[in-house]
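Structural overview
One-letter residues, chain by chain:
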Amino acid sequence: MTLVLVDVGFGGVVTDPDNIPWQDISRFVDIKNNGIGINRGASDEKSEIQPAQCSMVLDNSDGRFTADLASSPYYPNVVMNTPVRVSVATMDSPTGSAPWPLEKLCDDFDDDRINTARWTGNAGAVSEVGGRARIPAAAGVTSSFTSARQWTLTDSYTTVRLVTVPSPVGASTATASFWINAVTAGTRLGFQVNTVTGVLQCRMEVGSTDASPSSDPYDPQWHQYLRIRETSGTVYWEASMDGAGWFVLRDEPTPAWVGSNQVTLQMAATRNAGTTDYAEFDLVGAVVHPRFFGMVNDWPNAWDGLYATARITCTDVFKWLNLQPALRSMLAEEILQDGPLAYYPLSEPSESTSAGDLAADGAGPLATIQAGSGGTLAFAAAAGPPATGDQAPVFTPASATAGKYLRGDLGDRFFELSVNAGGTGYLYWECWFSTSTTDRIMFALSSANGEWISKWSLESGTGKLKVVNTTPFGAPLTYVIPTANLADGKLHHMLYDQAISDFWIDGVLVAGPPGVGALVDLRALSVGGYAGTQLWNGTIAHLAFYPPDLFPADLDDHYDAGALGFEGEPADFRVERLGSYTDILSVTSLGSTFDDTASQGAGGARALEMMQAVATTEGAKLFADRDWAGVTLQSRDLRYNPTPEVVLSYGDLETDEVEGSLDDQKMVNTVIASRPGGATQRVVDQASRSRYGPKEQPLELLKTSDNAVLDAANWIVSRYAEPRGELREIPIEAYSMGTSVYRALLDLGLSGILTITDLPAQNPAPEQTLFVEGYQETIKFREHRIQFHTSRSYNDSVWVLNDPVYSVLGSTTRLAY
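In short, a report on the structure. (Residues numbered from 1 in each chain as written. Predicted model: local features only at pLDDT ≥ 70, side-chain atom pairs only at ≥ 80, totals over all residues. Heavy atoms only, no water.)

**Overview of the overall build of the protein chain**
From N to C terminus, the protein chain includes eleven helices and 53 strands. Projected onto its principal axes, the C-alpha positions of the protein chain cover 95 × 85 × 60 Å. Residues classed as buried in the protein chain amount to 54% of the 817 residues present. The long-range share in the protein chain, meaning contacts at least 24 apart out of those at least 6 apart in sequence, stands at 67%. Here the protein chain displays about 32400 Å² of accessible surface, and carbon together with sulfur accounts for 50% of that area. Across the protein chain, the 55 positively charged side chains and the 97 negatively charged ones have centroids separated by 3 Å. (Helix = DSSP H or I, 4+ residues; strand = E, 2+ residues; numbered from the N terminus. Buried < 20%, exposed > 50% of the residue type's maximum accessible area, 1.4 Å probe, protein only. Contact = heavy atoms within 4.5 Å. Areas by Shrake-Rupley, 256 points an atom, 1.4 Å probe, with all protein chains shown as cover. Lys, Arg positive; Asp, Glu negative; His and termini not counted. Charge placed at Lys NZ, Arg CZ, Asp CG, Glu CD.)

**Topic: the sheet that holds strand 33 (residues 465–470)**
Strand pairing within a sheet occurs via backbone hydrogen bonds; the two strands may be parallel or antiparallel. Reading across the sheet, the eight strands line up as 25-26-29-38-31-32-33-34 and stay open at both edges, with antiparallel pairing between neighbours. Among the strands making up the open sheet, the edge pair consists of strand 25 (354–355) and strand 34 (477–480). Where strand 29 (residues 403–409) lies against strand 38 (residues 524–527), four bridges are found, and the strand directions are antiparallel. Among the inter-strand pairings, glycine 408 is bridged to a residue of strand 38, identified as leucine 525. (Pairing = 2+ DSSP bridges.)

**Remarks on the side chain of aspartate 210**
Along the chain, the position of aspartate 210 falls in the loop between strand 14 (199–205) and strand 15 (214–217). When its relative accessible area of 10% is taken as the criterion, aspartate 210 is described as buried. Here methionine 204 takes part through its backbone nitrogen, which lies 2.8 Å from a polar atom of the side chain of aspartate 210. Separated by 2.9 Å, the side chains of aspartate 210 and arginine 250 make a polar contact. (Polar contact = N/O pair within 3.5 Å; in protein donor to acceptor, adjacent residues only side chain to side chain.)

**Some details on the packing of helix 7 (residues 571–580) against helix 8 (residues 607–618)**
Orientation of helix 7 relative to helix 8, taken along the N-to-C sense of each, is 170 degrees, at an axis distance of 9 Å. Here helix 8 runs roughly antiparallel to helix 7, going by the angle between their axes. On helix 8, the residues touching Ala571, Arg574, Val575, Leu578 and Gly579 of helix 7 are Ala607, Met610, Met611, Val614 and Glu618. (Axes fitted to C-alpha atoms, helices over the stretch in contact; angles between N-to-C directions. Parallel < 35°, antiparallel > 145°, perpendicular 65-115°, else oblique.)

**Observations concerning helix 11 (residues 739–747)**
Every buried residue of helix 11 is listed here: Tyr742, Arg743, Leu745 and Leu746. The arc enclosing the buried residues of helix 11, seen along the axis, measures out at 160 degrees, which places them on a common side. For helix 11, the exposed residues set more than 90 degrees away from the buried face come down to Ser740 and Asp747. (Arc of directions from axis to C-beta.)

**Thoughts on the pattern of salt bridges**
By the definition in use, this model includes 40 salt bridges. Aspartate 210 is paired through a salt bridge with arginine 250; the nearest N and O atoms lie 2.9 Å apart. Of this pair, aspartate 210 sits in the loop between strand 14 and strand 15 while arginine 250 is found in strand 18 (residues 246–253), placing the two residues 40 residues apart along the sequence. Of the two residues, aspartate 210 and arginine 250, both sit in the buried class. Across the pair aspartate 439 and lysine 466 runs a salt bridge, and its minimum N-O distance is 3.6 Å. Placement of the pair is aspartate 439 in the loop between strand 30 (428–435) and strand 31 (441–446) and lysine 466 in strand 33, with a sequence separation of 27 residues. Classification of aspartate 439 by relative accessible area gives partly exposed; the value is 30%. (Salt bridge = Lys/Arg side-chain N within 4 Å of Asp/Glu carboxyl O.)

**Thoughts on the environment of glycine 389**
If you trace the backbone, glycine 389 turns up in the loop between strand 27 (376–383) and strand 28 (391–396). Classification of glycine 389 by relative accessible area gives exposed; the value is 57%. In sequence terms glycine 389 and aspartate 711 are 322 residues apart; their C-alpha atoms lie 29 Å from each other.

**What to know about the packing of aromatic side chains**
Under the definition given, this model contains 27 aromatic pairs. Ring plane angle 90 degrees and centroid distance 5.5 Å describe the contact between phenylalanine 414 and phenylalanine 545, whose orientation is recorded as edge-to-face. With phenylalanine 414 in helix 4 (residues 411–419) and phenylalanine 545 in strand 39 (residues 538–546), this residue pair connects regions lying 131 residues apart in the sequence. Each member of the pair, phenylalanine 414 as well as phenylalanine 545, carries the same accessibility label: buried. With 6.2 Å between their ring centres and 80 degrees between their planes, phenylalanine 433 and tryptophan 536 make a pair best called edge-to-face. (Phe/Tyr/Trp six-rings, centres within 6.5 Å; stacked < 30°, edge-to-face > 60°.)

**Let's talk about a negative patch on the surface**
Judged by side-chain charge, Asp652, Glu654, Asp758 and Glu767 come together as a negatively charged surface patch. With respect to the helices and strands, glutamate 767 occurs in the loop between strand 51 (753–757) and strand 52 (768–780). (Patch = residues over 30% accessible without salt bridge, like charges linked within 9 Å, V, L, I, M, F, W, Y side chains within 5 Å.)

**Section: the nonpolar core**
Core analysis: the largest hydrophobic core is formed by 50 residues, its most contacted members being Val317, Leu578 and Leu622. Among the elements that make up this core, the one with the highest residue count is helix 8 (six residues). Once residues within four sequence positions are removed from consideration, leucine 578 is found in contact with Leu327, Met330, Gln600, Ala607, Met610, Met611 and Val614. Counting 46 residues, the second-largest nonpolar core is a separate cluster that includes Val4, Val8, Tyr74 and Leu727. (Core = buried A, V, L, I, M, F, W, Y, C linked by side-chain atoms within 4.5 Å.)

**Some points on the sheet that holds strand 47 (residues 670–674)**
One open sheet holds the three strands; their spatial order is 48-47-49, and the pairing between them is mixed. The open sheet terminates on both sides in strands that have one partner only, identified here as strand 48 (681–684) and strand 49 (696–700). Across this sheet, the average inter-strand angle for adjacent strands is 20 degrees, counted without regard to direction. The pairing of strand 47 with strand 49 spans five bridges and is parallel. Residue alanine 673 lies in a different strand from strand 49, and its bridge partner there is leucine 699. Along the sheet, helix 10 (residues 706–720) makes contact with strand 47, strand 48 and strand 49, crossing strand 48 at roughly 25 degrees.

**Quick word on helix 3 (residues 330–337)**
The buried count for helix 3 comes to six of eight residues, which makes it a mostly enclosed element. Among all positions in helix 3, only Met330, Leu331, Ala332, Glu333, Glu334 and Ile335 are buried. Close packing links the buried residues of helix 3 with strand 24 (342–344), strand 30, strand 39, helix 6 (558–564) and helix 7.

**A few points about the packing of helix 3 against helix 7**
Each pair of packed helices gets described by two things: the angle between the helix axes and the distance between those axes. Two elements in contact, helix 3 and helix 7, have axes whose closest approach is 10 Å; the angle formed by their N-to-C orientations is 60 degrees. The orientation of helix 3 relative to helix 7 falls into the category oblique. For the pair helix 3 and helix 7, the crossing hand works out as left-handed. For the pair helix 3 and helix 7, contact is made by Met330, Glu334 and Gln337 and by Arg574, Arg577, Leu578 and Ser580, respectively. Partitioning the contact of helix 3 with helix 7 into residue classes produces two nonpolar, two polar and three charged. (Left-handed = near helix turned anticlockwise from the far one by under 90°. Nonpolar A, V, L, I, M, F, W, Y, C, P; charged D, E, K, R; others polar.)

Now the structure itself:
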């Protein structure tokens with residue numbers, strides 16, 4: 001049995017998947033005539049994976065899917081980019097004689113008629129309504145669906161979707177429960193939600209009592225699906241948002257009765273007072289297989305006479321990544337990600353006369369101030385931090401008191417935190433600078449009335465960092481930080497922790513004297529001088545101030561970002577970092593072979609483009625998840641010498657469109673490869689080139705060494721210089737398969753491994769093992785056609801010493817890359 005599930009998160013956003021208020025719209029989807037179409041992955045292993053697409057037709061007879069229609073139950077949230085997810089729920093059925101594993105007890109309640117052979121012990125005015133089991137919650141009465149006693153829990157499980165819970169109004173107890181009952185009354189395992197207390201309990205009762213149930217705040221989204229599972233002597237109580245990804249709420253040693261009793265399954269509801277309402281349950285015993293997760297692109301209306309439909313198209317979270325603007329430098333993105341109170345990159349173009357704040361937390365712009373006469377302040381006149389590609393302003397005064405500097409108001413938020421600095425928290429700040437002149441003010445913080453001032457400069461003669469603080473209570477206090485000479489004309493980075501007077505100079509910790517940060521009422525910022533004195537002669541860039549709820553560890557990689565652009569970090573770390581710049585919460589790395597990656601510090605492209613560049617460099621796969629608002633980077637080593645996940649006989653495909661090819665579509669016998677700042681190298685398979693002609697591929701990789709580039713080039717040529725026949729299209733009528741095979745096909749993801757046996761005699765071999773590179777599927781009523789785009793697994797086989805399959809000289813002795 002198969003059921004299509006479509007949930008739409010009206011009012012939610014795809015970047016906050018934990019809090020999407022999912023609404024089940026499955027009954028409005030036209031499954032009989034149009035079905036649901038999904039296109040995911042790539043056509044072959046050499047193509048870049050594109051955003052997945054999903055389309056369906058919705059019954060819009062009551063206008064519920066019409067944007068801006070006030071009568072819609074989803075108004076005003078029928079908007080673009082609304083989250084959507086599509087799943088297929090499969091259910092099994094028992095064979096032979098009882099007792100049967102509990103997982104075989106399944107019901108979708110879609111016929112709106114109670115199956116009295118399945119639910120034999122019902123109590124109260126229970127019913128099936130709208131595809132759900134509806135159980136009244138009446139005062140003093142426990143109503144329930146209860147199965148026959150013919151099921152076992154050992155090494156089995158049961159699941160349910162909890163759709164509706166009783167209202168707490170007018171009651172001190174209002175519960176919905178899901179139980180597995182032993183033979184002895186009051187001995188049972190289960191879940192119970194009390195909506196008055198707002199608590200979900202996982203209970204293991206004897207005599208209808210559990211002295212120590214686990215309790216969690218009930219969340220209708222996080223606890224939408226519930227499961228009890230027994231395996232290897234342990235019972236697990238689990239919950240899920242989507243019926244596919246489960247988390248454990250409680251586990252206990254399996255009670256003795258589980259192994260000896262045939263059990264009943266019960267769904268119940270009751271209340272002790274208040275108006276009768278109900279609980280609703282669905283999908284008992286279902287196994288949920290996610291097929292698509294993404295966003296609705298539009299909500300079009302169409303009419304066939306008076307019959308209204310909404311034919312929607314949806315795109316996975318690659319769309320969100322494609323909506324993002326080009327990234328700033330990685331340094332700027334790191335700073336913004338850490339939530340600064342004020343951030344002045346000072347990277348304005350040359351014609352600028354003022355500098356702006358990018359933190360958007362209330363700080364104002366910095367205006368140019370002329371002190372005396374003469375001197376210049378030239379924006380974009382020098383290079384900023386080396387890995388960023390940013391420009392920086394150059395301050396060139398005529399003298400210490402004649403020239404230009406910048407001044408502005410840091411705003412209310414900064415002021416409020418500064419006032420409290422001595423009591424509840426301290427700030428952090430950082431900047432990049434260069435100069436050859438000492439005793440000039442880099443920047444200064446001050447109160448509006450000038451009673452509190454903190455001036456930052458380099459000590460005359462030594463070039464050490466110096467801080468001079470003025471307070472209303474006495475003479476100025478001078479602090480010299482034990483740094484090296486920083487007035488050496490080189491670019492330096494300084495990070496300061498106001499709480500403990502710690503400094504990081506070019507990424508190295510330098511402990512300062514206590515008391516440096518003991519200032520309050522700070523609000524005004526001067527950059528390149530203060531009150532027309534000690535005017536800075538040099539550059540200043542990326543000046544940022546942070547709130548007290550951070551830690552040095554949150555900021556200490558900023559030097560690496562600006563100086564190196566994270567040169568040398570592993571590829572999986574890089575993709576996760578790039579994803580974090582876009583609010584995508586989940587970046588998953590699968591596999592173990594990830595090389596060091598060259599700098600991408602200058603940014604300048606969308607995050608997805610930069611992530612794809614890393615994937616190309618790695619020979620990896622990057623794709624959006626089909627069950628969550630995230631992306632996955634799949635290492636190339638996952639495809640080495642694969643073991644089939646699904647094995648099908650050719651005759652079982654029940655289609656006549658299996659397609660095999662031998663052509664030069666993928667052939668590469670010459671690679672011209674290079675890397676940033678490295679050599680350009682050429683790799684050739686001369687035998688292939690002589691036989692078939694040149695098939696050349698340029699390759700620009702984010703590697704950190706020329707040898708790594710050469711390895712990557714050799715890997716491509718070794719795999720594609722000699723074309724081989726392969727099956728590229730495998731269409732399957734999956735619905736006609738048995739439940740276990742159907743479930744296995746649904747679980748096949750990108751790079752999944754499929755073996756087709758008993759191929760026709762015209763094929764070179766009787767079987768072929770293939771990688772799934774993508775698929776198109778159409779899900780309809782009692783029909784589910786999946787056309788897998790596949791590639792020959794041989795292309796990813798690597799040498800295993802003394803292995804009978806992967807150690808055949810000249811055939812399977814390719815060295816792994």
